[in-house]
Amino acid sequence: MSNYLFELASLMAIFCFAIVSPGADLAMVMRQSLVHGRRPAIITAFGIGASLMFHVTYTILGLGLIISQSIYLFNIVKWCGVAYLIYIGIKALRAGETRITVEAGEPGAAKGQSALKAFGLGFAANALNPKAVFFFLSIFSTVVSAHTPMAVKFGYGLVMASALILWFVGVSLFMTTPRMRAAFTRASKWIDRATGLVFIALGLKLATEKAV
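What you see is a predicted model, and the numbers here were worked out from it, not measured in a lab.

Turning our attention to the packing of helix 2 (residues 24–36) against helix 3 (residues 38–61). At a minimum axis distance of 7 Å, the contact between helix 2 and helix 3 shows a crossing angle of 160 degrees. With respect to each other, helix 2 and helix 3 are oriented roughly antiparallel. For the pair helix 2 and helix 3, the crossing hand works out as right-handed. Here D25, M28, V29, Q32, S33 and H36 of helix 2 come into contact with helix 3, specifically with R38, P40, A41, T44 and I48. Of the residues in the contact of helix 2 with helix 3, the class split is five nonpolar, four polar and two charged.

Formed by 28 residues in total, the largest nonpolar core has its most connected members in F15, L52, F136, F140, M160, L164 and F168. Sorting elements by how many residues they give to this core places helix 8 (residues 150–175) first, with ten residues. Judged by nonpolar contacts, the second largest core, of eight residues, contains A24, A27, L85 and A125.

Moving on, we get to the layout of surface pockets. In this approach a probe as big as a water molecule rolls over the atoms, and the regions it shows empty are the leftover space. Here the second largest pocket defines a volume of roughly 300 Å³. Lining the second largest pocket are 15 residues, and of these R31, H36, K91, K117 and L121 sit closest to its centre. Of all elements in the fold, only helix 2, helix 5 (71–94) and helix 6 (115–127) reach the threshold of two or more residues within the lining of the second largest pocket. For the lining of the second largest pocket, the element with the highest residue contribution is helix 2, accounting for five residues. A breakdown of the residues in the lining of the second largest pocket according to their chemical character gives seven nonpolar, five polar and three charged.

Turning next to the packing of helix 3 against helix 8. One can describe the packing of helix 3 onto helix 8 by two numbers: an axis separation of 8 Å at closest approach and a directional angle of 160 degrees. Judged by the angle between their axes, helix 3 and helix 8 are roughly antiparallel. Here helix 3 and helix 8 pass one another in a crossing that is right-handed. In terms of residue class, the contact of helix 3 with helix 8 is made up of 20 nonpolar, four polar and two charged.

Look at the UniProt record and you will see "transmembrane region" (unreviewed entry) annotated at residues 6–29, 41–66, 72–90, 132–150 and 156–176. The distance from the first to the last C-alpha atom of residues 156–176 is 31 Å, and the span holds 95% helix and 0% strand.

Moving on, we come to the environment of L73. Here L73 is to be found in helix 5. Looking at L73, the relative accessible area reads 33%, which means it is partly exposed. Separated by 57 residues in sequence, L73 and P130 place their C-alpha atoms 9.9 Å apart.

The rules behind each value
Along each chain, residues carry numbers from 1 onward, in the same order as the chain's sequence is written. Since the coordinates come from a predicted model, pLDDT governs what is reported: local features require at least 70, and pairs of side-chain atoms require 80 or more to be given and counted, while whole-chain, interface and lining totals use all residues. Only hydrogens and water are removed before side-chain values are computed, so all heavy atoms of the structure are retained for them. Axis lines are fitted through C-alpha atoms, for helices just across the contact stretch, and the angle between N-to-C directions can take any value from 0 to 180 degrees. Elements are defined by DSSP. Helices are runs of H or I of four residues or more, strands are runs of E of two residues or more, and each kind is numbered from the N terminus. Orientation is classified from the angle alone, with under 35 degrees giving roughly parallel, over 145 giving roughly antiparallel, 65 to 115 giving roughly perpendicular, and any other angle giving oblique. The hand of a helix crossing depends on one turn: near helix anticlockwise from the far one by less than a right angle means left-handed, and clockwise means right-handed. We call two residues in contact when some of their heavy atoms are within 4.5 Å. Polarity classes work like this: nonpolar for Ala, Val, Leu, Ile, Met, Phe, Trp, Tyr, Cys and Pro, charged for Asp, Glu, Lys and Arg, and polar for all others, with Gly in that last group. What makes a nonpolar core is a set of buried Ala, Val, Leu, Ile, Met, Phe, Trp, Tyr and Cys residues whose side-chain atoms join them at distances within 4.5 Å. To sort residues, take the accessible area from a 1.4 Å probe on protein chains only and compare it with the maximum for the residue type: under 20% means buried, over 50% means exposed, and anything in between is partly exposed. Definitions used for this entry: grid spacing 1 Å over protein atoms alone; cavity, a set of points where a 1.4 Å probe fits but cannot get out; pocket, an open set with protein on both sides within 12 Å along at least 5 of 7 lines; lining residue, one with an atom within 4 Å of a point. Grid points are joined across faces, edges and corners, and a volume is the space filled by probe spheres set on the points. UniProt positions are given in the numbering used here, feature names are shortened, and annotations may be inferred rather than shown by experiment.

This is how it looks when you write it as structure tokens:
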């Protein structure tokens, strides 16, 4: 038991630094919060968490190792991710002025985006990132013993996914406060352009990534 607690503590120490660093996930949640409101942003956070379990699952099952050793498979994942990031970046650049409509009884909520679409945006933003393959492959192979039971490894993944969801839910709550919404309404075009450029830059950065 003490070995498992040490492994989990080591994983979380590394993971906490990773989740707070700027990336496509953070940019996606921030834009969801500002453009669509609190509820879609929180659902997007759950999509990102579910995608993390997707990465954890195939890493534990050994598929991550296969992808890391196959240039062909790596490039398929990479270019899907590049296309997706540039696509949502262009959509953000082309967006007009946005005004947030708040539903009664739900601060920061906005109509117009289904729960399924919000979840899918979060899932895709994380799933189409080949860097996650190597991140989980490297930390699991370095920190977690090969003799650790598979069920315990999945438990580690659930704890990490929960931490990720909590972090992005917190970002969603902060970004949908009345002051932040008012600031966004005043500068929505410029914020959309800035986030669009961020997504495109992340896509171009991903295009230069090489398999290791």
